[in-house]
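Spelled out from the first residue to the last, the chains are:
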Amino acid sequence: MGALDEGHFCSELENGVKLGCIELSLDDEPETIAIEDAVRVLMHGLGEDVNREGLKKTPLRVAKALREGTRGYRQKVKDIVQGALFPEAGLDNAVGHAGGAGGLVVVRDLDLFSYCESCMLPFQVKCHVGYVPSGQRVVGLSKLSRVADVFAKRLQEPQRLADEVCSALHHGIKPAGVAVMLQCSHIHFPNLESAFLDSNHQGWVKLLVSSGSGVFENPSSDIWADFLSLLKFRGINMEKTCMRDSSDWCPSRSSASANAVSKVESANQGMVTAVASILRSLGEDPLRNELVGTPARFVKWLMNFQNCNLDMKLNGFVSARVDPLLPNGDSCREKQIHSELNLSMWSQCEHHLLPFYGVVHIGYLCTDGFNPIGKSLLQSIVCFYGFKLQVQERLTRQIAETVASFSGGDVIVVVEANHTCMISRGIEKIGSSTATIAVLGRFSTDPAARARFLQSLPNSAISGP
């Protein structure tokens, strides 16, 4: 049915042609190989075996993801804007503004992502761009998105991103003025200790920034008011939103992290040097003022997932615990479903070294008189398995097996997660989520029991940006 037969398609892939807008010939480039070598150093520092199944191709996957996610360094705005200006007359009379002479044009809800220059974690951006045409010409609307994406696909901080998009559009299309509004969301990944102790950890830092040129230079002007009025329909209310300095918005720059970062840098100098080499391979200067502490901050975050043999305390539960009324875990008495929903989950994808986060729902069967498992214990189990290099399917199974070991064996676990690798790579599927399920004991053979538990799950459980 397709235009390419299978042999032709395989040849296209092998020869590195473009599929969509993704270059498939990055594998053998020197920059990619250099990043692969650096990633191996980082994985050794975590205590991982880079040759184990599941990790063998991780260095290449990470290298390609980083290069795809920072391709803006290799793109030029001039190449995008040239040829995208079209003649469009203004109003026939002198009363009012429209068309190519003074009519405000606003493109809203451009979903972007960028890499934070302070910690190298991706952050999400909802971008809104407005401009006032001049010279009786307008720009193709898709070019506004493409120009914004060029600057987003670099190591960034929000205010500079807004300023660069605004300046590039102003010089590229020469309008009467340009306005840019960015709604930015930065994942606030807890460390292992706070994840155990703080069940109310706020997972996101949000920031609203803007930039204007030409007729938009005065933030109190009427044209800004018109622009903002059109954005109110997108949940933007300037009166209720605090405009913050974006230079310190990254959680890794908090005062509480400063001492820990210096300790990490001295203890893991090889890993810090490896991250600096990654920055150079991406086209950045690790000695740029804003990047000087970035390698150490990234390593500090990465060390949350160090492969070590932690002793998990199960608060008095023994691994073989079952209800004493149930010989061998069986009973003729009817069992009831006990559940704990919306347990916070944070983890790190072992394929791309990017975070994924979400919630875990746990259900188990027991009879009256059985003491329900404490929420703190179940949350500890989730954190214990989450703070490792993981895949969601394995994480789900490990949680289910551990809970089954002291609950009698009838367990169901559902994990719902958002994966940043789905937004920060070529696929860029913003808003997607993944659900996995593990069933043990009676839940594996009783569809009615599974249905009762699944129907109890909340409609919207994942807390995202």
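Residue indices begin from 1 for each chain and proceed along its sequence in written order. Given that the model is predicted, a residue must reach a pLDDT of at least 70 before its local features are reported, and side-chain atom pairs must reach 80 or more before they are shown or counted; all residues, however, enter totals for whole chains, interfaces and linings. Think of the side-chain values as coming from all heavy atoms in the structure, minus any hydrogens and water.

This is how it is decided: UniProt positions are given in the numbering used here, feature names are shortened, and annotations may be inferred rather than shown by experiment.
Per an unreviewed UniProt entry, the protein chain carries the name GTP cyclohydrolase 1 and comes from Rubus argutus. Comment text from UniProt for the protein chain, heading Subunit (unreviewed entry), reads "Homodimer." The UniProt entry for the protein chain carries the following comment under Pathway (unreviewed entry): "Cofactor biosynthesis; 7,8-dihydroneopterin triphosphate biosynthesis; 7,8-dihydroneopterin triphosphate from GTP: step 1/1."

Some remarks on the overall build of the protein chain
As a reminder of what qualifies: Helical segments are the DSSP runs of H or I of at least four residues, strand segments are the runs of E of at least two, and each set is numbered from the N terminus. Relative accessibility under 20% of the residue-type maximum defines a buried residue, over 50% an exposed one, and the middle range a partly exposed one, all with a 1.4 Å probe and only protein chains included. Residue contacts are defined here by distance: any two heavy atoms, one from each residue, within 4.5 Å place the two residues in contact. Note on areas: Shrake-Rupley with a 1.4 Å probe; residue coverage comes only from the protein chains shown.
When helices and strands are tallied, the protein chain shows 14 helices and twelve strands. The proportion of buried residues among the 465 residues of the protein chain is 48%. In the protein chain, the share of contacts with a sequence separation of at least 24, taken over all contacts with a separation of at least 6, comes to 75%. Counting every atom, the protein chain has about 22200 Å² of accessible surface; 50% of that belongs to carbon and sulfur.

Overview of the sheet that holds strand E6 (residues 177–187)
The strands that make up a sheet are held in pairs by hydrogen bonds between backbone atoms, and each pair lies either parallel or antiparallel. The condition is simple: Pairing between two strands requires that DSSP report at least two bridges joining them. Every angle, taken between N-to-C directions, lies between 0 and 180 degrees, and every axis is a line fitted to C-alpha atoms, over only the stretch in contact when it is a helix.
In space, the five strands of this open sheet follow the order E5-E2-E3-E6-E7, with mixed pairing throughout. Strands with a single pairing partner mark the edges of an open sheet, and in this sheet they are strand E5 (155–156) and strand E7 (204–214). Across nine bridges, the pairing between strand E2 (residues 105–116) and strand E3 (residues 122–132) is antiparallel. The residue of E3 that forms the bridge with Val 107 is Val 129. This element, helix H8 (residues 222–231), spans E2, E3, E6 and E7 of the sheet and lies at about 40° to E6.

Quick look at the environment of Pro 295
Note on placement: Pro 295 falls in helix H11 (residues 294–302). On the basis of relative accessibility, which here comes to 5%, the residue Pro 295 falls in the buried class. For the pair formed by Pro 295 and Glu 265, sequence separation is 30 residues and the distance between their alpha carbons is 8.4 Å. If we ignore the near neighbours within four places in the chain, the residues touching Pro 295 are Val 272, Val 275, Ala 276 and Leu 279.

Topic: the pairing of E3
A regular strand places its side chains on the two faces of the sheet in alternate fashion. Among the eleven residues that make up E3, ten are buried, leaving the element largely enclosed by the rest of the structure. Between E2 and E3, which pair antiparallel one after the other, the connecting turn spans five residues, and Met 120 there sits at a positive phi close to 70°. For E3 and E6, the ladder comprises ten bridges, and the chain directions are antiparallel. Along E6, the bridge assignment pairs Cys 127 with Leu 182.

As for empty space enclosed by the protein
Defined as follows: A cavity here means a set of 1 Å grid points, computed over protein atoms only, where a 1.4 Å probe fits but cannot escape. A pocket is an open set with protein on both sides within 12 Å along at least 5 of 7 lines, and lining residues have an atom within 4 Å of a point. Grid points are joined across faces, edges and corners, and a volume is the space filled by probe spheres set on the points. Residues are grouped as follows: Ala, Val, Leu, Ile, Met, Phe, Trp, Tyr, Cys and Pro are nonpolar; Asp, Glu, Lys and Arg are charged; every other residue, Gly included, is polar.
Counted under the stated rule, the structure contains three cavities of 30 Å³ or more. Roughly 140 Å³ of volume is contained in the largest cavity. In terms of lining, the largest cavity is formed by 13 residues, of which the most central are Val 62, Leu 66, Phe 298, His 352 and Leu 353. For the lining of the largest cavity, the secondary-structure elements that each account for two or more residues are helix H2 (30–45) and helix H3 (58–69). Its residues placed into classes, the lining of the largest cavity shows twelve nonpolar, one polar and no charged.

Quick notes on the pattern of salt bridges
Test applied: A side-chain nitrogen of Lys or Arg and a carboxyl oxygen of Asp or Glu constitute a salt bridge if their distance falls within 4 Å.
Under the defined criterion, the tally for this structure stands at 18 salt bridges. Notably, a salt bridge pairs Arg 394 with Glu 350, separated by 3.2 Å at the nearest N-O pair. Placement of the pair is Arg 394 in helix H13 (residues 392–407) and Glu 350 in the loop between strand E8 (336–349) and strand E9 (354–366), with a sequence separation of 44 residues. Among the residues examined, Arg 394 registers a relative accessible area of 21% and is labelled partly exposed. For Glu 401, the salt bridge is made with Arg 397, and the minimal N-O distance between the two is 3.2 Å. With a gap of four residues between them, Glu 401 and Arg 397 both fall in helix H13, about one helical turn apart. Each member of the salt-bridge network shares a partner with another, and the members are Glu 117, Arg 160, Glu 164, Glu 284, Arg 288 and Glu 290.

Comments concerning the sheet that holds strand E10 (residues 389–390)
Sheet architecture is open: five strands sit in the order E10-E8-E9-E11-E12, paired in mixed fashion. The open sheet terminates on both sides in strands that have one partner only, identified here as E10 and strand E12 (434–440). Of the pairings in the sheet, the one linking strand E11 (residues 411–419) to E12 comprises seven bridges and is antiparallel in character. Across the sheet, the residue bridging to Val 414 is Ile 437, located in E12. Sitting on the sheet, helix H12 (residues 375–386) is in contact with E8, E9 and E10, with an inclination near 30° to E8.

Considering the pairing of E6
For E6, the buried fraction is high: ten of the eleven residues fall into the buried class. As paired elements, E6 and E7 share eleven bridges and run antiparallel to each other. By the bridge assignment for E7, Gln 183 is matched with Leu 208.

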